[in-house]
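Report on the structure
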Amino acid sequence: MFETSDLNTIKTLLINKPESVVFLEVDDNSISKRFKDIKELALEKKIKIEIKKFKNPKIKINLFFKPSEPKNIEFLEKILETKEDIIILLLDHITDPNNLGSILRTSLGGLVDAVVVPKSRACHLTKSVREVSKGSSELIPFVIVPNLKRITEMLKLRGFLIYGAEGSKKSKSIYDTDFSKKVGLIIGSENTGIQETLKSKCDKMIKIPISDKLESLNAAIATSVIVFEINRQRTN
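In this report, the structure presented in the accompanying data block is examined.

So, how was this worked out
Residues numbered from 1 in each chain as written. Predicted model: local features only at pLDDT ≥ 70, side-chain atom pairs only at ≥ 80, totals over all residues. Heavy atoms only, no water. Pairing = 2+ DSSP bridges. Helix = DSSP H or I, 4+ residues; strand = E, 2+ residues; numbered from the N terminus. Axes fitted to C-alpha atoms, helices over the stretch in contact; angles between N-to-C directions. Contact = heavy atoms within 4.5 Å. Buried < 20%, exposed > 50% of the residue type's maximum accessible area, 1.4 Å probe, protein only. Polar contact = N/O pair within 3.5 Å; in protein donor to acceptor, adjacent residues only side chain to side chain. Expected span 1.5 Å × (residues − 1). Salt bridge = Lys/Arg side-chain N within 4 Å of Asp/Glu carboxyl O.

Quick look at the sheet that holds strand 2 (residues 21-26) now. Across a sheet, strands are paired by hydrogen bonds formed along the backbone, either parallel or antiparallel in direction. Sheet architecture is open: four strands sit in the order 1-4-2-3, paired in mixed fashion. Taken across any chain shown, the strands that pair with only one partner, and hence form the sheet edges, are strand 1 (2-4) and strand 3 (49-51). Within the sheet, the average angular offset between the axes of one strand and its neighbour, ignoring direction, is 20°. As paired elements, strand 2 and strand 3 share three bridges and run parallel to each other. Bridge pairing in strand 3 links E25 to E50. The strands touched by helix 1 (residues 7-16) are strand 1, strand 2 and strand 4 (61-65); relative to strand 4, the strand with the most contacts, the crossing angle is about 45°. Across the sheet, helix 2 (residues 33-44) lies against strand 2, strand 3 and strand 4, angled at about 135° from strand 3, the strand it touches most.

Before going further, it helps to examine the side chain of T177. Tracing the backbone through its elements, the reader meets T177 in the loop between strand 9 (172-173) and strand 10 (183-187). Since its relative accessible area comes to 4%, T177 is described here as buried. A distance of 2.7 Å separates a polar side-chain atom of T177 from the backbone oxygen of S173. What T177 contacts, discounting residues up to four positions off in sequence, is Y163, K172, I206 and Q233.

Between its first and last C-alpha, helix 4 (residues 97-109) extends 18 Å over 13 residues, near the 18 Å set by a 1.5 Å rise per residue. Along helix 4, the positions that sit buried rather than exposed are N99, L100, G101, I103, L104, T106 and S107. Measuring from the backbone nitrogen of N98 back to the side-chain oxygen at the start of helix 4 gives 3.0 Å, which picks out D96 as the cap. Just downstream of helix 4, L111 is the residue with a positive phi angle, here 65°.

Attention now moves to the pattern of salt bridges. Should their charged atoms come close, side chains of opposite charge can pair. Applying the stated criterion across every chain, the model contains twelve salt bridges. Its salt-bridge partner being K52, residue E25 comes within 3.7 Å of it at the nearest N-O pair. In this pair, E25 sits in strand 2 while K52 sits in the loop between strand 3 and strand 4, placing the two residues 27 residues apart along the sequence. For K52, a relative accessible area of 38% puts it in the partly exposed group. Put simply, K199 and E196 hold a salt bridge, and the shortest N to O gap is 3.3 Å.

Spatially, 7-6-5-10-8-11-9 is the arrangement adopted by the seven strands of the open sheet, whose pairing is parallel. At either margin of the open sheet sits one strand with a lone partner, and together these are strand 7 (142-145) and strand 9. Of the strands in this sheet, strand 5 (87-91), strand 6 (114-118), strand 7, strand 8 (161-165) and strand 10 are in contact with helix 6 (residues 148-157), which crosses strand 5 at around 160°.

In structure tokens, the structure reads:
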């Protein structure tokens, strides 16, 4: 069981996944409208509420919930059957919890259907990741697989185009790239980028045009820019 005092996470879980919530602790003396709104939402969702005097004066509310579990390849295969305009994000050895947490938050907001990571040499759903994601880690499917290369092969067989994000001169600008079909987007690690074995599976290498004064964007920011460009194209 996990706990959180973050208001964004609490509201996200109460609205979108109340079945995961065990109970809510609140300081009944708080006059904050936002706390009162959350309490009313919890009552509406029939969540158990306990009144508590917190030792830490900065904490006025706390939610206990059952954390989501990582998914497997079989779960991913079911997702692939759900719709046509699907976006699968593949993270090639992202190891920084802050980056991963931010990527999960972006992915939820940007309508990504699943985030896929390798079993080894990659950050998974740690406490830090869940905190940074502001509840997104509990809602978006997080799939752990033995090998990303095999997943790209599976996606290609199902009609996906695989895009690798890399800021080289040969890469095509995301603003000149057609993202209308099924998208498999690979984001490389913070230090080494995309593995050569994965690059060989990419249909297109893409980049975000940035100032020559800046070498690159970090993985979380790059993911955000690309994912929302995909959405922009699909809604225009």
